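Structural overview
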Amino acid sequence: MGFVFAALGLNGLARNQVPVPPRKRAQKLHIAGSTTMGPLLKEIASKYRLMHPEIGVEVALGGSSRGLDDVRSGHAHIAMLSRALAPAERDLYGIPIARDGVGVVVHANNPVRQLSVEELQAIFTGRMREWRDAGGLQDSVYALGGLRDGASSALFARFLRQPLDAFSLNAAVESNIERLAVVASCENAIAYVSVGAAERAISQGVSVRLLPISDVAASTANIRNGSYPICRVLTLASRDAPTGVARSFFAFCLSAQVNGILSAFDFVPYLD
């Protein structure tokens, strides 16, 4: 009988307790891809989380191709592509959020002020090995590029009307920051990089200089007005039309709330 009373007592206590609502399950958003877009998306994600603290956002780098692979395989919800979707990728859902350009940088002490498209072709395919052949000093050219499957490499090769297989580089370096650091430490180096990344580095005192392309200065202003010839869009892509958290994040990236972040990284809002 005591056991029955005890059981009834416990049941009564349970009935009188205020029910505790279940904890809201934390949500995760995985983003992967372009090294050019990585720092930008990390800042956007930080601002997004101030409004949605229950959502964790992870941004992984590795290049535009990796982003596509991760989205297609389901390892990421969103891919960062520093280019537009290709015709063969139109099964994906993509939105452009900004514009950027690819520029050519040399060391600030390099006397060469301009290179023609033909000279750039010769340098990056290995047919021009000495700076004196372009009006510079008697130093060997040290040519740097991005990874072969990177969007910057594809855009630059298309501008030079050369297949990527024709490129002959001294080194392939994944990130813009690393390429800029090498050029700043090596007076005979040359590299193609994001214009926005180069402008930021120069404003911070890094010893590099952007060369004009086809007589047009490599600058954010000229990307904005459409006169700069090596330009691209920065795109976010998902496997299907986004829903839930991914949809919310896409909408945030298209809103005016991120324009200040885009400007801070010297990118031009796509709808500017």
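Everything here concerns the structure above.
First things first, this report covers the structure right here in the doc. All values reported here derive from a predicted model rather than from experimental measurement. (Residues numbered from 1 in each chain as written. Predicted model: local features only at pLDDT ≥ 70, side-chain atom pairs only at ≥ 80, totals over all residues. Heavy atoms only, no water.)

1. Some details on the overall build of the protein chain
- Summing up its helical and strand segments, the protein chain has 10 helices and 10 strands in all.
- Relative to the compact-globule value of 19 Å for 272 residues, the protein chain shows a C-alpha radius of gyration of 25 Å, a clear excess of over 25%.
- A total of 272 residues make up the protein chain; the buried ones form 49% of that total.
- Of the contacts made within the protein chain by residues no fewer than 6 positions apart, 74% connect residues no fewer than 24 positions apart.
- For the protein chain, the computed accessible surface area is about 13500 Å², with 53% contributed by carbon and sulfur atoms. (Helix = DSSP H or I, 4+ residues; strand = E, 2+ residues; numbered from the N terminus. Rg over C-alpha atoms; globule rule 2.2 N^0.38 Å. Buried < 20%, exposed > 50% of the residue type's maximum accessible area, 1.4 Å probe, protein only. Contact = heavy atoms within 4.5 Å. Areas by Shrake-Rupley, 256 points an atom, 1.4 Å probe, with all protein chains shown as cover.)

2. Topic: the pattern of salt bridges
- Applying the stated criterion to the full structure yields 5 salt bridges.
- Asp 91 is paired through a salt bridge with Arg 72; the nearest N and O atoms lie 2.9 Å apart. One end of the pair, Asp 91, is in the loop between strand E3 (78–81) and strand E4 (93–107); the other, Arg 72, is in helix H3 (residues 64–73), and 19 residues separate them in sequence.
- Note on Arg 72: relative accessible area 36%, which makes it partly exposed.
- The salt bridge partner of Arg 83 is Glu 89, with a shortest N-O separation of 2.9 Å.
- On the basis of relative accessible area, Glu 89 is assigned to the buried category, the value being 12%. (Salt bridge = Lys/Arg side-chain N within 4 Å of Asp/Glu carboxyl O.)

3. Section: the nonpolar core
- Judged by nonpolar contacts, the single largest core of 46 residues is most densely connected at Val 105, Leu 115, Ile 123, Phe 124, Trp 131, Phe 156 and Ile 190.
- Every element with two or more residues in this core is listed here: E4, helix H4 (117–124), strand E5 (142–145), helix H5 (151–160), helix H6 (176–185), strand E7 (189–194), helix H7 (195–203) and strand E8 (208–211).
- Beyond its immediate chain neighbours, meaning those up to four positions away, Phe 156 contacts Val 102, Val 104, Phe 124, Phe 167, Tyr 192 and Ile 230.
- By size, the runner-up hydrophobic cluster in this structure holds 29 residues, among which are Ile 31, Ile 97, Phe 249 and Phe 267. (Core = buried A, V, L, I, M, F, W, Y, C linked by side-chain atoms within 4.5 Å.)

4. As for H5
- Counted residue by residue, H5 has 8 buried out of 10 residues, so it is predominantly covered.
- Among the residues making up H5, those that are buried are Ala 151, Ser 152, Ser 153, Leu 155, Phe 156, Ala 157, Phe 159 and Leu 160.
- Contacts from the buried residues of H5 go to H3, E4, H4, E7 and strand E9 (231–238).
- At the C-terminal side of H5, Arg 161 shows a positive phi close to 55°.

5. Digging into the environment of Ala 76
- Locating Ala 76 in the fold gives a position in the loop between H3 and E3.
- Taking the C-alpha atoms as reference points, Ala 76 and Ala 221, 145 residues apart in sequence, are found 33 Å from one another.
- Not counting the four nearest positions on each side in its chain, Ala 76 is found in contact with His 30, Ala 32, Asp 70 and Val 71.

6. Here we look at a negative patch on the surface
- A cluster of acidic side chains, namely Asp 69, Asp 149, Glu 174 and Glu 178, defines a negative patch on the protein surface.
- Mapped onto the secondary structure, Glu 178 falls in helix H6.
- According to the relative accessible area criterion, Glu 178 is partly exposed, its value standing at 43%. (Patch = residues over 30% accessible without salt bridge, like charges linked within 9 Å, V, L, I, M, F, W, Y side chains within 5 Å. Lys, Arg positive; Asp, Glu negative; His and termini not counted. Charge placed at Lys NZ, Arg CZ, Asp CG, Glu CD.)

7. So, the packing of helix H2 (residues 38–51) against helix H9 (residues 244–253)
- Two numbers describe how H2 lies on H9: the axes approach to 11 Å, and their chain directions differ by 115°. In terms of orientation, H2 and H9 fall into the roughly perpendicular class. For the element pair H2 and H9, the recorded crossing hand is right-handed. Contact residues: Leu 41, Ile 44, Ala 45, Lys 47, Tyr 48 and Met 51 in H2; Val 245, Ser 248, Phe 249, Phe 252 and Cys 253 in H9.
- Among the residues making up the contact of H2 with H9, the classes are represented as 9 nonpolar, 1 polar and 1 charged. (Axes fitted to C-alpha atoms, helices over the stretch in contact; angles between N-to-C directions. Parallel < 35°, antiparallel > 145°, perpendicular 65-115°, else oblique. Left-handed = near helix turned anticlockwise from the far one by under 90°. Nonpolar A, V, L, I, M, F, W, Y, C, P; charged D, E, K, R; others polar.)

8. Examining the packing of H4 against H5
- It is the contact of H4 with H5, at a shortest axis distance of 10 Å, that shows an interaxial angle of 125°. Classified by the angle between their axes, H4 and H5 sit oblique to one another. Our pair here, H4 against H5, has a crossing hand that is left-handed. Across the interface between the two elements, Val 117, Leu 120, Gln 121 and Phe 124 of H4 pack against Phe 156, Phe 159 and Leu 160 of H5.

9. As for H4
- With respect to burial, H4 is a largely interior element, 6 of its 8 residues being buried.
- For H4, every residue scored as buried is listed here: Val 117, Leu 120, Gln 121, Ala 122, Ile 123 and Phe 124.
- At the C-terminal side of H4, Gly 126 shows a positive phi close to 85°.

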